[in-house]
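# Geometric and topological summary
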Amino acid sequence: LYTPDIFSPNGDGVNDSFSVSIVGADFFELTVFDRWGHQLFSTKNPKEGWGGTYPNGTEAPQDVYMYKVLFGSEEAGDKIKVGKVAIVK
């Protein structure tokens, strides 16, 4: 599992979304929160990333956001990773 620390959703085609790289997991769920704990994004598709927007589609400001990744497999069991990611504009 690899999670980046920053991303820049500026439309230049480089690091435009917060995506988690994962190999060998049978299940996966990524959830992103703002600093007040409001859920901004959730997916069970490891190929889908957060584009730095609020649920209503407006751009989230440059700030630090929290994430939680639930993942696991029969061999390795269930795991949780929590961390921070920053939007840089």
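Here's what I pulled together on the structure shown here. Note that this is a predicted model, so its numbers are computed, not measured. The residue numbering used here restarts from 1 in each chain and proceeds along that chain's sequence as written. Only residues with pLDDT of at least 70 are given local features in this predicted model, and only at 80 or more are side-chain atom pairs given and counted; all residues enter the totals for whole chains, interfaces and linings. With hydrogens and water set aside, each side-chain value is computed from the structure's full complement of heavy atoms.

### Points about the overall build of the protein
Looking only at helices and strands, the protein features zero helices and five strands. Per the convention used, a helix needs a DSSP run of H or I reaching at least four residues, while a strand needs a run of E reaching at least two, with both numbered from the N terminus. In the protein, the order of α-helices and β-strands from amino to carboxyl end is β-β-β-β-β. Taken over C-alpha atoms, the radius of gyration is set against a globule rule of 2.2 Å times the number of residues to the power 0.38. The C-alpha radius of gyration computed for the protein amounts to 13 Å, which stays within 12% of the reference 12 Å derived for 89 residues, consistent with globular compactness. With the C-alpha coordinates of the protein rotated into their principal frame, the extents come out at 40 × 30 × 20 Å. Per-residue burial over the protein gives 33% buried out of 89 residues. Per-residue accessibility takes into account occlusion by the displayed protein chains alone, with areas from the Shrake-Rupley method and a 1.4 Å probe. Entry remark: accessible area of the protein is about 5,600 Å², with carbon and sulfur atoms responsible for 50%. In this charge count, Lys and Arg are treated as positive and Asp and Glu as negative; neither His nor the chain ends contribute. Throughout, a charge is located at the NZ atom of Lys, the CZ atom of Arg, the CG atom of Asp or the CD atom of Glu. Of the charged side chains in the protein, 8 are positive and 12 negative, and the gap between their average positions amounts to 5 Å. Burial classification: accessible surface area is computed with a 1.4 Å probe over protein chains only, and a residue below 20% of its type maximum counts as buried, one above 50% as exposed, and the rest as partly exposed.

### So, the side chain of Thr-43
Residue placement: Thr-43 occurs in strand E3 (residues 39–43). In the analysis that follows, any N or O atom pair within 3.5 Å is treated as a polar contact, provided that within protein one partner can donate a hydrogen and the other can accept it, and provided that, for residues neighboring in sequence, both atoms belong to side chains. A distance of 3.0 Å separates a polar side-chain atom of Thr-43 from the backbone nitrogen of Asn-45. Only heavy atoms matter for contacts: two residues are in contact if any of them lie within 4.5 Å across the pair. Setting aside residues up to four positions removed in sequence, Thr-43 forms contacts with Phe-28, Glu-29, Leu-30 and Glu-48.

### Describing unusual backbone geometry
The phi angle of most residues is negative, glycine excepted, and most peptide bonds adopt the trans form. In this structure, Asn-15 is a non-glycine residue whose phi angle is positive, near 50°. Among the structural elements, Asn-15 can be located in the loop between strand E1 (6–7) and strand E2 (27–33). Asn-15 gets classed as exposed once you look at its relative accessible area, which sits at 53%.

### Some points on the nonpolar core
Joining through side-chain atoms within 4.5 Å is the link that ties buried Ala, Val, Leu, Ile, Met, Phe, Trp, Tyr and Cys residues into a set, and such a set is a nonpolar core. With 16 residues, the main nonpolar core has Phe-18, Leu-30, Val-32, Trp-50, Tyr-65, Tyr-67 and Val-69 as its most contacted residues. For this core, the element with the most residues is strand E4 (residues 64–73), which contributes four residues.

### Let's talk about the packing of aromatic side chains
Stacked, tilted and edge-to-face are the three classes assigned to paired rings of Phe, Tyr and Trp, where Trp is represented by its six-membered ring and a pair needs centres within 6.5 Å; plane angles under 30 degrees give stacked, over 60 edge-to-face, the rest tilted. Throughout the structure, instances matching the rule amount to four aromatic pairs. An angle of 35° between the planes, with centres 6.2 Å apart, marks the rings of Phe-7 and Phe-18 as tilted. Of this pair, Phe-7 sits in strand E1 while Phe-18 sits in the loop between E1 and E2, and the two are 11 residues apart along the sequence. Here the two residues Phe-7 and Phe-18 agree in accessibility, since each one is buried.

### Considering the environment of Pro-9
Structurally, Pro-9 is set in the loop between E1 and E2. Classification of Pro-9 as buried rests on a relative accessible area of 18%. In the structure, Pro-9 is positioned 50 residues away from Glu-59 in sequence and 8.9 Å away in space, judged by C-alpha atoms. Not counting chain neighbours up to four residues away, the residues in contact with Pro-9 comprise Asn-15, Asp-16, Gly-51, Gly-52, Ile-87 and Val-88.

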